[in-house]
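# Secondary and tertiary structure notes
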Amino acid sequence: MVRLIMGVKGSGKTKKLIEMINSAAKDEPGNVVCIEANPTLTYDIHYHIRLIDAHEYKLTNFDLFRGFISGLYAGNYDITHIFIDSLTKIVGGECDNQTEQFLDWLNKFGEQHNIKFTITISDDASLAPDGVKKYF
């Protein structure tokens, strides 16, 4: 249930993500949420998408982010897709084993609650741990 888009800055990740978000606005049967590191997508995505600026909530580590996503779902069982733009910028870390553990948790959470996750990480994909690469 987790799809990861990873590449260096300027490789077209955000453009691809915007296209996927706008497509999900039309095709998804439930609610779609987009969590971004900075408020940059406001005018690029469909107005039906719930856009969240992670900076406002100070999600500075993966534990806080787990709680935030769990709370989103607890408040709205109709969420079917969550997009996360610039995961490592949100939590302030590198793409490492903690990232792998978080993606594994997201995958289990998504399977349990029938939620798809699409995530971007701005980093060289060839340097990602093997556990992260399985989500490409």
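Above this note sits the structure.
These numbers come from a predicted model, not from an experiment. (Residues numbered from 1 in each chain as written. Predicted model: local features only at pLDDT ≥ 70, side-chain atom pairs only at ≥ 80, totals over all residues. Heavy atoms only, no water.)

## Notes on the overall build of the chain
From N to C terminus, the chain includes 5 helices and 5 strands. For 136 residues, the compact-globule estimate of 2.2 N^0.38 gives 14 Å, and the C-alpha radius of gyration of the chain, at 14 Å, lies within 12% of that figure. Principal axes of the C-alpha set define a box for the chain whose edges measure 35 × 30 × 25 Å. For the chain, the residues scored as buried account for 46% of the 136 residues in total. The contacts of the chain with a sequence gap of at least 6 include a subset with a gap of at least 24, amounting to 70%. For the chain, the computed accessible surface area is about 7300 Å², with 47% contributed by carbon and sulfur atoms. Measuring between centres, the 14 positive side-chain charges of the chain sit 3 Å from its 18 negative side-chain charges. (Helix = DSSP H or I, 4+ residues; strand = E, 2+ residues; numbered from the N terminus. Rg over C-alpha atoms; globule rule 2.2 N^0.38 Å. Buried < 20%, exposed > 50% of the residue type's maximum accessible area, 1.4 Å probe, protein only. Contact = heavy atoms within 4.5 Å. Areas by Shrake-Rupley, 256 points an atom, 1.4 Å probe, with all protein chains shown as cover. Lys, Arg positive; Asp, Glu negative; His and termini not counted. Charge placed at Lys NZ, Arg CZ, Asp CG, Glu CD.)

## Let's talk about helix 2 (residues 62-75)
Taking 1.5 Å per residue as the helical rise, helix 2 with its 14 residues ought to reach 20 Å, and the 20 Å between its terminal C-alpha atoms agrees with that figure. Turning to helix 2, the residues buried within the fold contact strand 2 (31-36), strand 3 (50-53), strand 4 (79-85), helix 3 (87-91), helix 4 (97-113) and strand 5 (116-122). The backbone nitrogen of Asp63 has a side-chain oxygen 3.0 Å away, supplied by the residue at the start of helix 2, namely Asn61. (Expected span 1.5 Å × (residues − 1). Polar contact = N/O pair within 3.5 Å; in protein donor to acceptor, adjacent residues only side chain to side chain.)

## Details of the nonpolar core
Judged by nonpolar contacts, the single largest core of 33 residues is most densely connected at Ile35, Phe65, Ile69, Ile84 and Ile119. Every element with two or more residues in this core is listed here: strand 1 (2-7), strand 2, helix 2, strand 4, helix 3, helix 4 and strand 5. Leaving out residues up to four positions away in the same chain, Phe65 has contacts with Ile35, Leu59, Ile84, Leu87, Ile90, Val91 and Phe102. (Core = buried A, V, L, I, M, F, W, Y, C linked by side-chain atoms within 4.5 Å.)

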